[in-house]
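These are the residues of each chain, in order.
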Amino acid sequence: MNFYSLQLLKKLGFKKFFNIAVLSILASIFELFGIGSIGPFINIVNDPSSVSESKYLQYFIKNLNIETQNILLYFGLVLIFIFIFINIYKAGLFYLQTKIALNYSAKMSVSLFKKYLDNEYYFYLIRNSNELAKNIFSECQLIGNDIIKNALVILSQVIIAIFIISFCIYLNPALGLAMILFGVSYYLLIYGSLKKWLKKFGESQLYHSTNRWRVITESFNSIKEVKVFNFSKHLESFFLSETNKWTNNKISYALVGTLPRFLIEVIGVIFLVSLTLFLINFENEKNVISFIAVYSFAILRLFPVLQQIYMAFTSLKGAQSRIKLIYEDLNNKNLSNSKKNKININLNNSIEFKNINYKYQKGNFQLKNISIKINTGEIFGITGQSGSGKSSFIDLLLGLLIPQSGKIYIDNKEVNLKDYTSYKNNFSYVPQDVFIFADTLKNNLTFDFENNLPDETLLKKTIKKSNLNNFIDNLDKGLETPMHDKGIDISGGQKQRIGIARAIYSDRKITIFDESTSSLDSETELEIMKQIEENKKDKIFVIISHKKSTLKFCDKIAFFKNGEIERVSPYNEKDSYFKNLSD
């Protein structure tokens, strides 16, 4: 068990391990009681007269008024009851172990999801979203089973094994020690020889599992491109290849986990035959059968216990790679920078960037010397060729990225955006491709997923301003109509209007439209732009667009080129800069 496994188990808490240990000790006592009951029962079967030699049996016969000739029947029923009770108890212990493991797995999954969500925006630019999803769903669940549950299994089974071993040594020290030394050495030898392979197996499983998850999510997320470019066969081939490798690894692991059990059964038979021959020659013949019966049953109970301990250790070893991955994400203090000053910062009059510079860690692109001021009551346009820095500037404006140099002023007061959590509350954002949640249309407009009562007056105004009336009127359930995830059952224009409605309903100080009218027909776009113009008095609207029909409503327009602002000017149809824009 490595450092990462121990750290995760430490978080589980001493109390849970202590409770499992106590319950396991009781299980061991019950187990020994069951094993010890086999000898007297076999003695009665072999020699009914032995009943009179047992003071304990005589005590029960006398007090329960049992006839001597029926003692075998009653003893057999008691024996059956004992083993029913033992197995019910062990089933309860297994249930408790499983519950602890799965609850811990669920808690870890929630913590990891929160950890990822709390990270800064840049985190998502450098990490694969499919990998993050797999870690939350798949890896946390496997850790719960492979680490937590197996650790509890090892604890409980080791305690049971110690009790059975002690009992065997008590019956016959020489035979008991010989049997134990052989059994333990056998499993230690196998585990030691496979230790390196198990580590490589874990790394390989993690790699192929990640590839399988990635190709599935990427295929479904880009299904339109997959169909258009006829990419299905390549994806199917890749998924088949990774699945075969993953399956072959699982088969090999299953064989490694169970092979010792098949060999130990053969060895167990050899041991019992040898034991029988030994006892016939050196023990009292009268006790041979009962002694063999007790030892046989002890072996039948001990070897499966050793097998469970062995399999639990192999699972722990095979899971080391994913444990390291999850532990580092959960405990990496550099991952999250969400703990900020809770002082509110509200924008009233203006926001200004002075000599702002930003460069991505990966790649050569950078924003250079960005100086710009946007005032309340303005519609501010942003345009430029693809890759000119428009989106990066918007990410800085939204506070998703933090500039590496330069100054930012809110209402003419210099601020450091790292120190404020409320800065983003000044913004609403409408992307070009609006995401639709698998929920009702109303909740998609209001983001009210907690089923609180929305502001109906504001909602009606929002629907009117975003020109959604006809769309909603044509739906059988109106605002309560369930939406398909990603909005594949509605048009691009309808999705964009929903995105615009969200921004209007949120009623933030600054609204950013990122190519948000590109899928609208000219009539709807004109209507929405007029609504924006009418409502700009106490607001700021920032619009990214390449269309003259949109930019002509802007009070100022910034032209981006190669990461710099080339110029800022009002719309002028005769200007050469504007002539190159699309209609």
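Preceding block: the structure.
Residues numbered from 1 in each chain as written. Predicted model: local features only at pLDDT ≥ 70, side-chain atom pairs only at ≥ 80, totals over all residues. Heavy atoms only, no water.

1. Let's talk about the overall build of the protein chain
- Across its full length, the protein chain carries 19 helices and ten strands.
- Within the protein chain, buried positions represent 46% of all 583 residues.
- A total of about 31700 Å² of accessible surface is found on the protein chain, and carbon and sulfur atoms cover 58% of it. (Helix = DSSP H or I, 4+ residues; strand = E, 2+ residues; numbered from the N terminus. Buried < 20%, exposed > 50% of the residue type's maximum accessible area, 1.4 Å probe, protein only. Areas by Shrake-Rupley, 256 points an atom, 1.4 Å probe, with all protein chains shown as cover.)

2. Topic: the sheet that holds strand β5 (residues 413–415)
- A sheet is described by the order of its strands in space; here four strands give the open sequence β2-β1-β4-β5, paired in antiparallel fashion. Each end of this open sheet is capped by a strand with a single partner; those strands are β2 (366–375) and β5. Across the sheet, the mean angle from the axis of one strand to that of its neighbour is 25 degrees, orientation sign disregarded.
- As paired elements, strand β4 (residues 405–410) and β5 share three bridges and run antiparallel to each other. Across the sheet, residue Ile410 finds its bridge partner in β5, namely Lys413.
- Those strands touched by helix α12 (residues 390–397) are β1 (350–359) and β2, and its axis lies near 120 degrees from that of β1. (Pairing = 2+ DSSP bridges. Axes fitted to C-alpha atoms, helices over the stretch in contact; angles between N-to-C directions. Contact = heavy atoms within 4.5 Å.)

3. Structural notes on helix α16 (residues 492–506)
- The end-to-end C-alpha distance of α16 is 21 Å, a good match for the 21 Å that 15 residues give at a rise of 1.5 Å each.
- Every buried residue belonging to α16 is among Gly493, Gln494, Lys495, Gln496, Arg497, Ile498, Gly499, Ile500, Ala501, Arg502, Ala503 and Tyr505, and all of these are buried.
- In this structure, the buried side of α16 is in contact with β6 (427–430), α13 (441–446), α14 (456–465), α15 (469–473), β7 (510–514) and α17 (522–534).
- Phi turns positive, to about 55 degrees, at Asp507, one or two residues after α16. (Expected span 1.5 Å × (residues − 1).)

4. Let's talk about the pairing of β4
- Looking at chain direction, β1 and β4 are connected through five bridges and run antiparallel. Bridge pairing in β4 places Glu352 opposite Tyr409.

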